[in-house]
Amino acid sequence: MSSELNDSDLLHFAANRIEVGILAVDRKMRIVVWNRFLEAHSGRSASEVVGRSLFDVFPEVPRPWLERKVRSVTVLKNFSFTSWRQRPYLFKFRHHRPITGGIDWMRQDCTFLPVMGGDGEVIAVCITILDATETCLYQTRLDAALAVIAEQSVRDALTGVYNRRKLAEQLATEIGRAARYRRSLSLLMLDIDHFKKVNDSLGHLAGDEVIRHVATVASKGLRESDCFGRYGGEEFVAILPEVDAAGATVVAERMRSAVAEAPAEFEGRSIAVTISVGVAEVGPEPRTAESLLGEADEALYLSKKKGRNRVSLRDSARDAHRG
C-alpha cells in the first residue's frame, strides 16, 4: 500500500482543516462540497447535504440574490466578492462573541469562484465563507468612536450647541441651497445683555452658567432643520432655512421672550437674563456668509442701541420690540 498522498487527498485535508467555510454548488444549485467548518457551524454533515438543493436544506438563504450572484460568476467566468458590510451574512450561523456586541448572527465575507471543467465551461461555483464577526465588532466600535469624535468637533464645549466652525459650514451650505432653489433664508444673531456685569459681579462660573442657560432656552423652540450655535463669547447665531424676515422676527421674538421669562440659576441664586437679537434675510441678490452675518450684526447693534432686550432688523422701521 502506498503512503503517498495525491492531490485530491491534500485538497480534502486542507479544506477540512482550514477555518474557512468552503462549499460548492453545481449549475442547478445542488451542494457538491461541504467542509467541516460548515458542518460545525450549521449542524449539518456533508452526508446530509451533498447532492441536495442548497435552498431545500437552507430555505433562509436569500435565494434571488444568491442565484444572481452564482449566475454572474458562471456567465463571466470570473470571481466575485461580497463583504459583511454589503450583506451581513449568507448563512444564519451562531457566533461565539459576547451578546453585548449587538450582533445576532456570524458576520461573513463571501468569495465566489468559478470551477472550470475540461471544456473551459463553468461546472460549479465554489463559495468561501470567512467569519468576519470580530472584524465587524471592532469596526462597529471604531465607527461609533469616530462618530462621537466627529460630533464633538462641531460642538461648543461649554454649551453643547454647534460651534463657530459648524455654523460657518452650515451657513455656506444654506446660502447655496437658497440661491439654487430660490428659497428664503434668514439668520439671527443674539447677544446676552450686560454679560460683563454678570462676570464682574458674580464671577466667571456664574457667567458660564448664564451662557449655558441661554443656549438651552433660546434653542428649545427651533426646528430640526434650523442650526443654532455659539458664535463666540456670549454671542449665538441661528440659521433658519426657508424662513423669511417676517417669520424670523417671530422666531427671534419668541427666543427673546423665553429667555427674559426664565432666569438662570447659580448656587441657589436667580440671575435675570435678557438678550438682544438682530435679524437678517437673504434677498434676491447673491449673498455671501460674511455679508449676511454683517447685516445681522448691524441689526443686533441696533437692538443694543435702542435699549437692549429687543429684536431688530437693520431697517429700524421693522424693529420688533416687545420689551
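Residues numbered from 1 in each chain as written. Predicted model: local features only at pLDDT ≥ 70, side-chain atom pairs only at ≥ 80, totals over all residues. Heavy atoms only, no water.

Details of the packing of aromatic side chains
At step 1: Within the structure shown, the criterion is met by six aromatic pairs.
At step 2: Ring geometry for Phe-58 versus Phe-91: centroids 5.1 Å apart, planes at 75°, classification edge-to-face. Here the residue Phe-58 occupies a position in the loop between helix H4 (54–57) and helix H5 (63–76), and Phe-91 occupies one in the loop between strand E3 (80–82) and strand E4 (108–116), the gap between them amounting to 33 residues.
At step 3: The exposure class of Phe-58 is buried, given its relative accessible area of 5%.
At step 4: Ring centres of Trp-65 and Phe-112 lie 6.1 Å apart, and the angle between their planes is 70°; on these two criteria the pair is classed as edge-to-face. Of the two residues, Trp-65 sits in helix H5 while Phe-112 sits in strand E4, which places them 47 residues apart along the sequence. Exposure class is identical for Trp-65 and Phe-112. Each is buried.
At step 5: Of the aromatic side chains, those joined through ring pairs into one cluster are Trp-34, Phe-58, Phe-91 and Phe-93. (Phe/Tyr/Trp six-rings, centres within 6.5 Å; stacked < 30°, edge-to-face > 60°. Helix = DSSP H or I, 4+ residues; strand = E, 2+ residues; numbered from the N terminus. Buried < 20%, exposed > 50% of the residue type's maximum accessible area, 1.4 Å probe, protein only.)

With respect to the pairing of strand E7 (residues 227–232)
At step 1: The element E7 is largely enclosed, with a buried count of five among its six residues.
At step 2: With five bridges joining them, E7 and strand E8 (residues 235–241) adopt antiparallel strand pairing. Across the sheet, the residue bridging to Arg-230 is Phe-236, located in E8.
At step 3: Hairpin geometry of E7 and E8 is characterised by an intervening segment of two residues between the two adjacent antiparallel strands and by a positive phi of about 55° at Gly-233. (Pairing = 2+ DSSP bridges.)

Some words on the pattern of salt bridges
At step 1: Scanning the model with the defined rule gives 16 salt bridges in all.
At step 2: Between Arg-30 and Asp-26 there is a salt bridge; the shortest N-O distance is 2.8 Å.
At step 3: Judged by relative accessible area, which is 37%, Arg-30 ranks as partly exposed.
At step 4: The partner of Arg-230 in a salt bridge is Asp-156, with the nearest N and O atoms 3.3 Å apart. Highlighted residues: Arg-230 in strand E7 and Asp-156 in the loop between helix H6 (133–153) and helix H7 (164–181), separated in sequence by 74 residues. For the pair Arg-230 and Asp-156, a shared accessibility class is recorded, and that class is buried.
At step 5: Residues participating in the shared-partner salt-bridge network are Asp-191, Asp-193 and Lys-304. (Salt bridge = Lys/Arg side-chain N within 4 Å of Asp/Glu carboxyl O.)

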